[in-house]
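# Structural description and commentary
Spelled out, the chains give:
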Number of protein chains: 2
Amino acid sequence: MSSQDLANFVGVNSWQIRKDFSYFGGFGTRGVGYDTRKLTKQISKILKLDVVRKAALVGVGNLGSAVLAYPGFKMFGFEIAAAFDINSKKVGRKIKDIKIEDVSRLRTLKKRKINLAIIAVPGDAAQQTADSLVKAGVRGILNFSPCYLAMPKNVKVITTDIAMDLARLPYYMPTS
Amino acid sequence: MSSQDLANFVGVNSWQIRKDFSYFGGFGTRGVGYDTRKLTKQISKILKLDVVRKAALVGVGNLGSAVLAYPGFKMFGFEIAAAFDINSKKVGRKIKDIKIEDVSRLRTLKKRKINLAIIAVPGDAAQQTADSLVKAGVRGILNFSPCYLAMPKNVKVITTDIAMDLARLPYYMPTS
DNA sequence: CTATGTGAATTTATTCACAGCA
DNA sequence: TGCTGTGAATAAATTCACATAG
């Protein structure tokens, strides 16, 4: 498959594909193109997606439940291996083979070798949740709360807010 | 409030704040700083977030339900004004004052002055859903399906995938 | 005196064009 | 001959430093 083909798939130019790949080495064969099977493996390795990783979910509300039910994680080698909530009525319940635990048990994450977490709690609880996660050894946080999280810099945080994503649209839309 | 204060809030440098603002004009007062009230209004106008906008949701599964329940939209002046699903068991049901309609009724969006939509359907239905939306006059789409949508270029699409967001974390995390 | 706004310097990213390998 | 990989050229973004307004 040529860089032109790849470019068509993702909507960029062919030279962007080639230049980007070149920063990590030569992935293709001149005159032929790229072996997509090899390419996928190499990129997975670069992005550190070549091992199965366990992640914890904190906050099993509407959004958290949707996260638990989302089938797309295994495509990237992720497994939601634990779920936590502060609501005692939810604790103990099972969703998709995951038993919901009390947030006090977040400290067990280190022993369980879970160093990724998804925060889906109300905004005013996000910072303290994040602090607990870091204490428990978590090094990467996907934050669905619409707020900035102050974190030590050895912890990577990605914040994503549905409403803010929607808010980006009007700017690019024609006329009112 | 000074550019330094604003910078601290969002975790960037003060000159980045000032430079970015300067591209749109002088928002502050020398020696004093920025009037946050005015600033918010001016930025809202630039981002076209100064009017209330109606959006439609397509796909009321786990993720769609979470979207309907999400309280954060009104902060940006959005209102989820309609919800659609293909499942006849869901059609007619009410969630948060929104009655779920059959997808065949997507064509009514133009009359209802709704030109923003959120797609939360399975990946294999995303493209045709998007096509229907465009036919109905929608000009901005927030796409939660993990796939590229081919669209006329007067339609702005923002695709966001929970799993892909999570997948960005390992690259930045230290060791293994 | 203080904090903005902005030219100038620097760094980074994008685009081009083609040498070089299969 | 065809398509990659990459230097060189161009464009854009970031950072600096300071004149200037309040």
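Relevant structure appears above.
Reference entry: report on the structure contained in this document. The structure displayed is predicted, hence computed values, not measured ones.

## Quick look at the overall build of chain A
A count of helical and extended segments in chain A gives seven helices and seven strands. Listing every helix and strand of chain A by position from the N terminus yields α-α-α-β-α-β-β-β-β-α-β-β-α-α. Taken along the three principal axes of its C-alpha coordinates, chain A extends 60 × 50 × 35 Å. Each of the 176 residues in chain A was classed as buried or not, and the buried ones make up 43%. The contacts in chain A between residues at least 6 apart in sequence include a share of 47% that link residues at least 24 apart.

## Regarding the protein's contact with DNA strand D
Near DNA strand D, the surroundings consist of 21 residues, among which Ser3 and Arg18 of chain A together with Trp15, Gln16 and Arg30 of chain B are the closest. Near-protein atoms of DNA strand D (within 4 Å) split between backbone and bases, with sugar and phosphate holding 55%. Phenylalanine 27 of chain A places a polar main-chain atom, nitrogen or oxygen, 3.1 Å from a phosphate oxygen of DNA strand D. Glycine 28 of chain A has a polar backbone atom sitting 2.9 Å from a phosphate oxygen of DNA strand D. Per-element tally for the surface near DNA strand D: the top contributor is helix H2 (residues 14-22) of chain B, with four residues. Tallied by class, residues from the surface near DNA strand D come to five nonpolar, 10 polar and six charged.

## Some remarks on the side chain of serine 3 of chain A
Residue and element names in this part refer to chain A. Tracing the backbone shows serine 3 in helix H1 (residues 3-10). Separated by 3.1 Å, the side chains of serine 3 and arginine 18 make a polar contact. Setting aside its immediate chain neighbours within four residues, serine 3 contacts Ser14, Ile17, Arg18 and Tyr34.

Analysis parameters
Residues numbered from 1 in each chain as written. Chains lettered and ligands numbered in written order. Predicted model: local features only at pLDDT ≥ 70, side-chain atom pairs only at ≥ 80, totals over all residues. Heavy atoms only, no water. Helix = DSSP H or I, 4+ residues; strand = E, 2+ residues; numbered from the N terminus. Buried < 20%, exposed > 50% of the residue type's maximum accessible area, 1.4 Å probe, protein only. Contact = heavy atoms within 4.5 Å. Near = heavy atom within 4 Å. Polar contact = N/O pair within 3.5 Å; in protein donor to acceptor, adjacent residues only side chain to side chain. Nonpolar A, V, L, I, M, F, W, Y, C, P; charged D, E, K, R; others polar.

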